[in-house]
Amino acid sequence: MEPQGPVTKRRILADLTPLRTSVDYRRLWAGNTISWIGQAMTALAVSLQVYDITHSSFSVGLVGLFSLVPLVVFGLYGGAIADTVDRRKLGLYSSLGSCGLSLALAAGAFAGFHHVWFLYSVVALQAVCAALNSPARSSMIPRLLPPEQLPAANALSSITTTGGTMLGPMLGGLIVGLWGYQAAYTVDAVAFSASLYAMWRLPAMRPEGAEAGAEEGVRRKRASVLEGLRFLATRPNLRMTFFTDMCAMVLAHPRALFPAVAVVWFGGDAKTVGLLVAAPAVGALLGAVFSGWLGRIRRHGLAILLAVAGWGTAIAVFGLTRNLWLGLFFLAVAGCADTISMVFRSTMLQAAVPDEMRGRLQGVFIVVVAGGPRLGDFVAGSVGDLASPGVAVVGGGVACVVAVGLLAVKWRRFARYDAKAPEA
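Residues numbered from 1 in each chain as written. Predicted model: local features only at pLDDT ≥ 70, side-chain atom pairs only at ≥ 80, totals over all residues. Heavy atoms only, no water.

A.B. asks: How do you make sense of the overall build of the chain when you look at a structure like this?
C.D. replies: Scanning the chain from N- to C-terminus turns up 16 helices and 0 strands. Overall, the C-alpha framework of the chain stretches about 60 × 55 × 55 Å when taken along its three principal axes. Relative to its full complement of 424 residues, the chain shows a buried share of 52%. Summing over all exposed atoms, the chain offers an accessible surface of approximately 18,700 Å²; the carbon and sulfur share of this is 69%. Computing the positive centroid from 35 side-chain charges and the negative centroid from 22, the chain places the two 4 Å apart. (Helix = DSSP H or I, 4+ residues; strand = E, 2+ residues; numbered from the N terminus. Buried < 20%, exposed > 50% of the residue type's maximum accessible area, 1.4 Å probe, protein only. Areas by Shrake-Rupley, 256 points an atom, 1.4 Å probe, with all protein chains shown as cover. Lys, Arg positive; Asp, Glu negative; His and termini not counted. Charge placed at Lys NZ, Arg CZ, Asp CG, Glu CD.)

Printed below as a string of structure tokens:
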């Protein structure tokens, strides 16, 4: 009976097989995890520094705008570049650029150069580097691991993002409070050395079929963004991965309502808002930690539909409760459902897309992931002002479930998608 213990643990906890079987993937994952925490520290430090300079919440909000626009624009172009050059070099140079920008922030803080335009400029350039780095890194993973390990790898990536999002701001606030902005930016720059080392040790990662001549390579770079969009237009299963995510993020994303909800529903304050914001992240992290069973699921499309419907249902129920701890529980359930959806959506994009198209599709993925929640904030805030927070939250959750149900009826093949025979 003794051998059953580890087997049971693997089925319940996150599958660590990709970390054990591929040294290159292990370095890449560790480097990305460390640098993600550092970037989350810097994001908080920049927001705090902008507020210290301006004492304006609007100015702090502009940090997100200066980050979003380059991320959306260069997300598409970065994916195109990742399909025409050595992805290892693209990842290495973009990581080096991010490291240099963190050093620039640190140098500015040490020199007492406190100007908002400087911070906005650096944030925008950091978003450009991130938009170039992410498609390159994501496109390399299917070259490092066999297809059956991709769900586990994407669950591990979720641990990186959710864990970094939770841990980075806490460390950033602590370091800024103890040693100042310059210390936080310096730590971030040092953290990038892990990502740089991981990229440097990788073998060359030119896209398959990318050995074109120089003139042909230039032509492909110009046309590749449109080629990627045309490819997506002919692949209904891949389009559905984006449509379903937009259902959740645009229709049922109540983050913008948390300040009002904390006061009106729960009689709380800023601490309550913090709990509401943290609850989905905690659920997402738990979903990734206990993701060992996801590798046994073959019907990825059906799993995405159920997970997105689960998100919408949990958000709607959250909108009906007026007990804080019960509300936090349902927000955590929503976060867990989002992790499950993300794992299978990412796996489909990696497994059902030819290697020469992976960068471009990952670029579209970045645009949807970055833009969807921001659009959702606008929708939720607008409905909350026009009607009420309750109508916005409950109505958004119900709308998400209805929308994903209609999509499932319209594209029935999506629910039949089989990981053993991936079809875009």
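Don't stop here, the text continues.
A.B. asks: Would you explain a nonpolar patch on the surface in this entry?
C.D. replies: On the surface, Leu-167, Met-170, Leu-171, Leu-174, Leu-178 and Trp-179 cluster together to form a nonpolar patch covering roughly 630 Å² of accessible area. By the secondary structure assignment, Leu-171 is in helix H7 (residues 150-179). (Patch = residues over 30% accessible without salt bridge, like charges linked within 9 Å, V, L, I, M, F, W, Y side chains within 5 Å. Salt bridge = Lys/Arg side-chain N within 4 Å of Asp/Glu carboxyl O.)

A.B. asks: Teacher, can you tell me more about the state of the cysteines here?
C.D. replies: Here a disulfide denotes one covalent bond, and it connects the sulfur atoms of two cysteines. Tallied over the full model, the rule gives 0 disulfides. Unpaired in this structure, Cys-336 has its nearest cysteine sulfur neighbour in Cys-400, at a distance of 15 Å. There is no disulfide at Cys-400, and the cysteine sulfur nearest it, in Cys-247, is 5.8 Å away. (Disulfide = S-S within 2.5 Å.)

A.B. asks: Could you clarify how one ought to interpret helix H8 (residues 181-201) in this entry?
C.D. replies: An α-helical segment advances 3.6 residues per turn. Residues three or four places apart therefore align on the same side. Helix length check: H8 (21 residues) gives 32 Å between terminal C-alpha atoms against 30 Å at 1.5 Å per residue, within 8%. Taken together, the buried positions of H8 are occupied by Tyr-181, Ala-183, Ala-184, Tyr-185, Asp-188, Ala-189, Ala-191, Phe-192, Ser-195, Leu-196, Ala-198 and Met-199. On the buried face of H8, the contacting elements are helix H3 (23-54), helix H5 (87-110), helix H6 (116-144) and H7. (Expected span 1.5 Å × (residues − 1). Contact = heavy atoms within 4.5 Å.)

A.B. asks: For this particular structure, what's the right way to read the packing of H3 against H8?
C.D. replies: What describes two packed helices is the angle between their axes and the distance between those same axes. The N-to-C vectors of H3 and H8 enclose an angle of 160°; their axes lie 8 Å apart at closest approach. Compared by their axis directions, H3 and H8 come out roughly antiparallel. Relative to H8, H3 is oriented so that their crossing is left-handed. (Axes fitted to C-alpha atoms, helices over the stretch in contact; angles between N-to-C directions. Parallel < 35°, antiparallel > 145°, perpendicular 65-115°, else oblique. Left-handed = near helix turned anticlockwise from the far one by under 90°.)

A.B. asks: Help me understand the nonpolar core, please; the structure alone is not making it clear to me.
C.D. replies: One recurring pattern in soluble globular proteins is that nonpolar side chains are buried together. If you look at the biggest cluster of nonpolar residues, it comprises 58 residues, and the most contacted ones within it are Phe-242, Leu-276, Trp-311, Phe-318 and Leu-361. If you list the elements that add at least two residues to this core, you get helix H9 (214-233), helix H10 (236-251), helix H11 (258-264), helix H12 (270-289), helix H13 (300-320), helix H14 (324-351), helix H15 (358-386) and helix H16 (389-410). Ranked by residue count, the leading element in this core is H14, at 11 residues. Those residues in contact with Leu-361 that lie beyond four places of it in its chain are Gly-228, Phe-231, Leu-232, Phe-242, Leu-349 and Val-353. (Core = buried A, V, L, I, M, F, W, Y, C linked by side-chain atoms within 4.5 Å.)

A.B. asks: Would you mind showing me how to read the pattern of salt bridges here?
C.D. replies: For side chains of opposite charge, pairing can occur when their charged atoms come near one another. Counted according to the given criterion, the structure contains 9 salt bridges. For Asp-83, the salt bridge is made with Arg-360, and the minimal N-O distance between the two is 2.7 Å. Note that Asp-83 is positioned in the loop between helix H4 (57-82) and H5 and Arg-360 in helix H15, a separation of 277 residues in sequence. Overall, the relative accessible area of 0% leaves Asp-83 in the buried class. Each of the salt bridges in this network shares a partner with another, and the network as a whole consists of Asp-83, Arg-87, Arg-143, Asp-355, Arg-358 and Arg-360.

A.B. asks: Just to check I follow, could you spell out the packing of aromatic side chains for this structure?
C.D. replies: Aromatic rings in a pair are described by how distant their centres are and how their planes are angled relative to each other. Following the criterion strictly, the structure yields 11 aromatic pairs and no others. Judged by centre distance (5.9 Å) and plane angle (40°), the ring pair of Phe-243 and Trp-411 falls under tilted. Of this pair, Phe-243 sits in helix H10 while Trp-411 sits in the segment after H16, placing them 168 residues apart in sequence. Taking the centre distance of 6.2 Å and the plane angle of 85° together, the rings of Phe-258 and Phe-318 count as edge-to-face. In this pair, Phe-258 sits in helix H11 while Phe-318 sits in helix H13, placing the two residues 60 residues apart along the sequence. For the pair shown, Phe-258 and Phe-318 are each scored as buried. (Phe/Tyr/Trp six-rings, centres within 6.5 Å; stacked < 30°, edge-to-face > 60°.)

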